[in-house]
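Structural overview
So you can see what is in the structure, the chains are spelled out below.
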Amino acid sequence: MKKFLVLGVLFVLPLVAYLFFASGVHNFAKLPVLNNTVGSVEQFESLTKEEITFKNKITILGFLGENIYNKQGNAFNLNQKIYKKNHGFQDFQFVMVLPYGSEDAAKKLLDELGNIADVSGWKFVFGTPESITRLFRTLKTPHQLDENLSTHYVYVIDKEGNLRGRDGTLKENEAKVYGYDASSVADLSNVMGDDIKVILAEYRLALKKYKANRKEQ
């Protein structure tokens, strides 16, 4: 009897553990939507003159401001900790918003980032102070742009143009996460890195289901 009990425990427990973790992954497979009224970047002029859009893209949105050199360290942090690890995902892009007059500084920064990784997923767009402020306000976060139209925070925008983050319900006493502090390597590595994995996994799973349904048809 003891022998059968031990064998049962050895076979049943791993199965129960698998079902538990599988259900957990399913339940938390999506990064919460915090705001579905984010503005667009299509009215901004890009460095390459191509049209930049949030549609059908997973976007990391940042505001580098008119004094781009003050945020250069942030860009390198993002490039190293987030971009290099995920830029192989076809629909993944970084969109950095700057005021007109910052084009030459943006080109120089892009060249420097290019010494580290393929920067085809980095997009720089330019607009007036009014258009930049208007776009930022549509995010509806507790953050503020400084006098240079910049912020240390970057934001995750999904393929439908929604702001994604943490809604504070996953863990007890967890605060909402509207954006990620690009000046903090710890925040990028420990918080943003995990959240990017979640949203990319969500879209990979959706793509697999779509392909599977097409085959069945």
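Heads up: the structure comes first, above all this text.
Computed from a predicted structure; not experimentally measured.

**A word on the overall build of the protein chain**
- For the protein chain, the helix and strand inventory stands at five helices and eight strands.
- Secondary structure elements of the protein chain, listed N to C terminal, follow the sequence α-β-β-β-α-β-α-β-α-β-β-β-α.
- Partitioning the intrachain contacts of the protein chain with sequence separation of at least 6 by distance along the chain shows that 79% fall at a separation of at least 24.

**A word on the pairing of strand β5 (residues 122-127)**
- For β5, the tally of buried residues reaches six of six residues, placing the bulk of the element in the interior.
- What you see with β5 is no split at all: Trp122, Phe124 and Phe126 on one side and Lys123, Val125 and Gly127 on the other are buried throughout.
- Summarising the sheet, strand β2 (residues 45-46) and β5 pair through two bridges and their orientation is antiparallel. Paired with Glu45 across the two strands is Phe126, which belongs to β5.
- With six bridges joining them, strand β4 (residues 92-99) and β5 adopt parallel strand pairing. If you follow Leu98 over to β5, its bridge partner there is Phe126.
- With helix α3 (residues 103-113) bridging β4 and its parallel neighbour β5, the resulting β-α-β unit is right-handed.

**Here we look at unusual backbone geometry**
- Even without being a glycine, Lys49 presents a positive backbone phi close to 70°.
- With respect to the secondary-structure elements, Lys49 resides in the loop between β2 and β3 (58-64).
- Under the relative-accessibility criterion, Lys49 is labelled exposed at 62%.
- For Leu149, which is not glycine, the phi torsion reads 65° and is therefore positive.
- Mapped onto the elements of the fold, Leu149 is located in the loop between α4 (129-138) and β6 (150-157).

**Digging into the environment of Asp158**
- Looking at where Asp158 falls in the secondary structure, it is placed in the loop between β6 and β7 (163-164).
- C-alpha separation for the pair Asp158 and Ile60, spaced 98 residues apart in sequence, amounts to 8.9 Å.
- Excluding its chain neighbours within four sequence positions, the residues that come into contact with Asp158 are Val33, Phe54, Lys57, Arg164, Ile199 and Tyr203.
- Side-chain polar atoms of Asp158 contact the backbone nitrogen of Glu160, separated by 2.9 Å.

**Points about the pattern of salt bridges**
- Scanning the entire structure with this criterion turns up eight salt bridges.
- With its nearest N and O atoms 4.0 Å apart, the salt bridge here joins Glu42 to Lys55. With Glu42 in the loop between β1 (33-35) and β2 and Lys55 in the loop between β2 and β3, the pair connects residues that are 13 residues apart, well separated along the chain.
- With a shortest N-O distance of 3.0 Å, Arg164 and Glu202 are connected by a salt bridge. With Arg164 in strand β7 and Glu202 in helix α5 (residues 185-216), this pair connects stretches of sequence that are 38 residues apart.
- Given a relative accessible area of 11%, Glu202 falls into the buried group.

**Digging into the packing of aromatic side chains**
- Across all of its chains, the model carries seven aromatic pairs by this definition.
- On the numbers, 4.8 Å between centres and 45° between planes, the contact of Phe94 with Trp122 is tilted. Here Phe94 is found in strand β4, whereas its partner Trp122 is found in strand β5, with 28 residues between them in sequence. The same class applies to Phe94 and to Trp122, which are both buried.

Conventions we followed
Residues numbered from 1 in each chain as written. Predicted model: local features only at pLDDT ≥ 70, side-chain atom pairs only at ≥ 80, totals over all residues. Heavy atoms only, no water. Helix = DSSP H or I, 4+ residues; strand = E, 2+ residues; numbered from the N terminus. Contact = heavy atoms within 4.5 Å. Buried < 20%, exposed > 50% of the residue type's maximum accessible area, 1.4 Å probe, protein only. Pairing = 2+ DSSP bridges. Right-handed = clockwise from strand over helix to strand, strands pointing away. Polar contact = N/O pair within 3.5 Å; in protein donor to acceptor, adjacent residues only side chain to side chain. Salt bridge = Lys/Arg side-chain N within 4 Å of Asp/Glu carboxyl O. Phe/Tyr/Trp six-rings, centres within 6.5 Å; stacked < 30°, edge-to-face > 60°.

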